[in-house]
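# Structure assessment
What follows is the residue order along each chain.
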Amino acid sequence: SNYPVEVAERWYPLAIRSGYTKARPALVAFVQRTGRRKLIIPIYRALAETPEGRRLAERTFAKARAGYHPLTISGIRSAIDDAAKQARKPKSRTP
């Protein structure tokens, strides 16, 4: 994509949450070439909110991990793991 990085940082999570799957190739390319933690953690976090997105996040992270700083790796791992834990929690029922 040719978006400025600050726009991409905000637009890709919105695209993910909106179910706009056509954005996936561009957002995957963005997180693979961008190592800046503040720009990519929100994208990984948004991906990790659904099972399908989590699988894409895991695949993308596996490919891009070698190019990331250790703190970025830790942040992404936490974002994906936290989302997986949330997904496993039983939904509370309110009367």
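Look a little higher up for the structure.
For clarity, every value in this text was computed on a predicted model and none was experimentally measured. (Residues numbered from 1 in each chain as written. Predicted model: local features only at pLDDT ≥ 70, side-chain atom pairs only at ≥ 80, totals over all residues. Heavy atoms only, no water.)

### Comments concerning the packing of helix α1 (residues 5-17) against helix α2 (residues 24-33)
- Closest axis-to-axis distance for the α1/α2 pair is 11 Å, and the angle between their directions is 135°. Taken together, the axes of α1 and α2 are oblique relative to one another. When you trace α1 past α2, the crossing you get is left-handed. Note on element contacts: α2 touches α1 through Ala26, Leu27 and Phe30, opposite Val5, Ala8, Tyr12 and Ile16.
- When its residues are assigned to classes, the contact of α1 with α2 shows 7 nonpolar, no polar and no charged. (Axes fitted to C-alpha atoms, helices over the stretch in contact; angles between N-to-C directions. Helix = DSSP H or I, 4+ residues; strand = E, 2+ residues; numbered from the N terminus. Parallel < 35°, antiparallel > 145°, perpendicular 65-115°, else oblique. Left-handed = near helix turned anticlockwise from the far one by under 90°. Contact = heavy atoms within 4.5 Å. Nonpolar A, V, L, I, M, F, W, Y, C, P; charged D, E, K, R; others polar.)

### Section: the pattern of salt bridges
- All told, the structure shown has 5 salt bridges when counted by the stated rule.
- For Glu49, the salt bridge identified is with Arg17, shortest N-O distance 3.0 Å. Note that Glu49 is positioned in the loop between α3 (37-47) and α4 (51-64) and Arg17 in helix α1, a separation of 32 residues in sequence.
- Classification of Arg17 as partly exposed rests on a relative accessible area of 48%.
- The network of salt bridges with common partners includes Glu58, Arg77 and Asp81. (Salt bridge = Lys/Arg side-chain N within 4 Å of Asp/Glu carboxyl O. Buried < 20%, exposed > 50% of the residue type's maximum accessible area, 1.4 Å probe, protein only.)

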